[in-house]
Amino acid sequence: MAYNNILFEVKDAVAYITINRPKQLNALNKETIDELNQAFTNVEEDGAIRVVILTGSEEKAFVAGADIKEFASFSVEEGKLLSAEGHQKLFNLVENLSKPVIAGINGFALGGGLELAMASHIRVASENAKMGLPEVSLGVIPGYGGTQRLAQLVGKGKAFEMITTASMIDANDAYKWGLVNHVVKAEELIPVCEKIASKIVKNSPKAISSAIIAVNAQFREGIDGFVTEITEFGKCFGTEDFKEGTTAFMEKRKPVFSGK
Ligand code: DAK
């Protein structure tokens, strides 16, 4: 499929999704959200893809937020509808994808951009990255899960500070606060993401998808994460990946996982 706002490429079981509206600092308009939905849906369905690296084109921005020019004229109903739709179409889709998503934060990650990075499973930032949720400076609040996921990652106190001051933090503070896993030089951003991806692709896709379900369960209302873990753990015993992993260990060879 041809995209207008993103680049999509697959190499060695890794899908590279690059948001590509550099003139608007990769701001998320509706069309970009739709294209990302399509790309992540393709990733989910393509058995040859094991991991995603998500980044922004050029050095200045990962994503500088939702497209302000587009949402400036929304009514209350439109805002609510688009928020719910956006959650399903993109942010929840990414968080619950059966394959890990590594966000390579290459510059500004603001508002919906930081929310997208936070919905990803692993975050690596370049030294020049700046992160924030500036929504209250525009008269709205984070609408794509930011109030929930930021507090989960950095704790309630720091989340309140970031959200109510609408200030940006730099990559080093983001690392200290637990918002990103690694901070690297700009030119090392994609290589470091690829190094993490290369470790992931060696492991069982079935087990990884179960692990994602189990870890996410902790943050779902009304769901006992420990019970989910037991269920997912049990399921692993019925997979070809489990047979292959344990057999390969006993045969002193590297496993070749089918993802079944
Ligand atoms: N939307 C649209 N255009 C943007 C943009 C954005 N978020 N961010 C930057 N741009 C555009 C600028 O308008 C400018 O375009 P031209 O004027 O050249 O045509 C171009 O990108 C370059 O930006 P600057 O000239 O401003 O570049 P600077 O280096 O001076 O500043 C900056 C970089 C990142 C500090 C600045 O651009 C900035 O403050 N940008 C806005 C950041 C921001 O407030 N982002 C929005 C956060 S609120 C919703 C759910 C969720 C949300 C909304 C709705 N619903 C469900 C309805 C979420 C909202 C947010 O994300």
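In case you missed it, the structure is sitting above this.
Residues numbered from 1 in each chain as written. Predicted model: local features only at pLDDT ≥ 70, side-chain atom pairs only at ≥ 80, totals over all residues. Heavy atoms only, no water.

*Asks:* How do you make sense of helix α9 (residues 205-217) when you look at a structure like this?
*Replies:* The periodicity of an α-helix, 3.6 residues per turn, causes residues three or four places apart in sequence to face the same way. Taking 1.5 Å per residue, 13 residues should reach 18 Å; α9 reaches 18 Å between its end C-alpha atoms and fits that length. Within α9, the full set of buried residues consists of Pro 205, Ile 208, Ser 209, Ser 210, Ile 212, Ala 214, Asn 216 and Ala 217. As for α9, its buried residues are in contact with α3 (76-95), α8 (189-200), α10 (225-236) and α11 (240-250). (Helix = DSSP H or I, 4+ residues; strand = E, 2+ residues; numbered from the N terminus. Expected span 1.5 Å × (residues − 1). Buried < 20%, exposed > 50% of the residue type's maximum accessible area, 1.4 Å probe, protein only. Contact = heavy atoms within 4.5 Å.)

*Asks:* Where do I start with the sheet that holds strand β10 (residues 182-184) in this structure?
*Replies:* Strands pair in a sheet through their backbones, by hydrogen bonds, and they do so in one of two ways: parallel or antiparallel. One open sheet accounts for six strands, arranged β1-β2-β3-β5-β7-β10; its pairing is mixed. The open sheet has two edge strands with one neighbour each: β1 (6-11) and β10. The average undirected angle you get between the axes of adjacent strands in this sheet is 20°. Where β1 lies against strand β2 (residues 14-19), six bridges are found, and the strand directions are antiparallel. Looking at β2, one finds that Leu 7 is bridged to Thr 18. (Pairing = 2+ DSSP bridges. Axes fitted to C-alpha atoms, helices over the stretch in contact; angles between N-to-C directions.)

*Asks:* Any chance you could explain a positive patch on the surface here in plain terms?
*Replies:* The grouping of Lys 195, Lys 199, Lys 202 and Lys 254 at the surface amounts to a positive patch. Looking at where Lys 199 falls in the secondary structure, it is placed in helix α8. (Patch = residues over 30% accessible without salt bridge, like charges linked within 9 Å, V, L, I, M, F, W, Y side chains within 5 Å. Areas by Shrake-Rupley, 256 points an atom, 1.4 Å probe, with all protein chains shown as cover. Salt bridge = Lys/Arg side-chain N within 4 Å of Asp/Glu carboxyl O. Lys, Arg positive; Asp, Glu negative; His and termini not counted. Charge placed at Lys NZ, Arg CZ, Asp CG, Glu CD.)

*Asks:* I would appreciate a short explanation of unusual backbone geometry in the present structure.
*Replies:* One can expect most non-glycine residues to show negative phi and most peptide bonds to be in trans. One non-glycine residue, Asp 12, lies in positive phi territory at about 45°. Within the fold, Asp 12 resides in the loop between β1 and β2. Residues other than glycine seldom take positive phi values, yet Glu 58 does so here, at roughly 65°. Mapped onto the fold, Glu 58 is located in the loop between β3 (51-56) and β4 (61-63). Here Glu 58 falls in the exposed class, since its relative accessible area comes to 58%.

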